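Coordinate inspection notes
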Amino acid sequence: MYMKTKNLGDLIFYLLGLIISILLLPVMVIVFVLVWIFIGWPVIFTQPRPGYKGKVFKLYKFRSMKVIHDAQGNLLPDEKRLTRFGKILRASSLDELPELFNILKGE
């Protein structure tokens, strides 16, 4: 009985997440294009993160910083790479919209 209830709950939350993702898709497309214009390619930032039971997964976010190196090839500090548009993305949490795909994947 528990497994049937759990599976039904999982299905309901999955469908709810899918509906939310579909509704937010136009916003994601607009943000995708704006990041491409103002920050460049690649538009999506990925980072390995520990998840459930320590299993590592790839986190997805919209980029908010440019990739700029100094003369020695080291990345400049975050403050120098964060763009004005990136600050807006972070303040509005729009940079985190691609994380919905992590949620739908069960990560």
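Here, the structure is the one placed above.
Quick summary incoming for the structure in this document. (Residues numbered from 1 in each chain as written. Predicted model: local features only at pLDDT ≥ 70, side-chain atom pairs only at ≥ 80, totals over all residues. Heavy atoms only, no water.)

A few words on the nonpolar core. Among the nonpolar cores identified, the biggest contains 10 residues, and these are Met28, Val31, Val35, Ile39, Val43, Phe62, Phe85, Leu89, Leu97 and Leu100. Secondary-structure elements contributing two or more residues to this core are helix H1 (2-38) and helix H3 (84-92). By residue number, the principal contributor to this core is H1, which donates 3 residues. Those residues in contact with Leu97, other than ones at most four positions away along the chain, are Leu24, Val27, Met28 and Phe62. (Core = buried A, V, L, I, M, F, W, Y, C linked by side-chain atoms within 4.5 Å. Buried < 20%, exposed > 50% of the residue type's maximum accessible area, 1.4 Å probe, protein only. Helix = DSSP H or I, 4+ residues; strand = E, 2+ residues; numbered from the N terminus. Contact = heavy atoms within 4.5 Å.)

Turning our eyes to something else, we now look at unusual backbone geometry. Cis geometry is found at the peptide bond from Trp41 to Pro42, where omega equals -5°. Secondary-structure assignment places Pro42 in the loop between H1 and strand E1 (44-50). Located in the positive-phi region is Lys53, a residue other than glycine, with phi close to 60°. Here Lys53 shows up in the loop between E1 and strand E2 (56-62). Since its relative accessible area comes to 73%, Lys53 is described here as exposed. The residue Ser93 is not glycine, and still its phi comes out positive at about 65°.

Summed over all chains, the structure comprises 1 salt bridge. In this structure, the salt-bridge partner of Lys61 is Glu96, at a minimum N-O distance of 4.0 Å. Remark: Glu96 occurs in the loop between H3 and helix H4 (99-104) and Lys61 occurs in strand E2; sequence separation between them is 35 residues. (Salt bridge = Lys/Arg side-chain N within 4 Å of Asp/Glu carboxyl O.)

The next subject is the layout of surface pockets. Taken as a whole, the largest pocket encloses approximately 220 Å³ of empty space. Lining the largest pocket are Pro42, Phe45, Lys61, Phe62, Arg63, Ser64, Met65, Lys66, Val67, Arg81, Arg90 and Asp95. Grouping the constituent residues of the lining of the largest pocket by class yields 5 nonpolar, 1 polar and 6 charged. (1 Å grid on protein atoms, 1.4 Å probe; cavity = no way out; pocket = protein on both sides within 12 Å on 5 of 7 lines; lining within 4 Å. Points joined across faces, edges and corners; volume = space filled by probe spheres on them. Nonpolar A, V, L, I, M, F, W, Y, C, P; charged D, E, K, R; others polar.)

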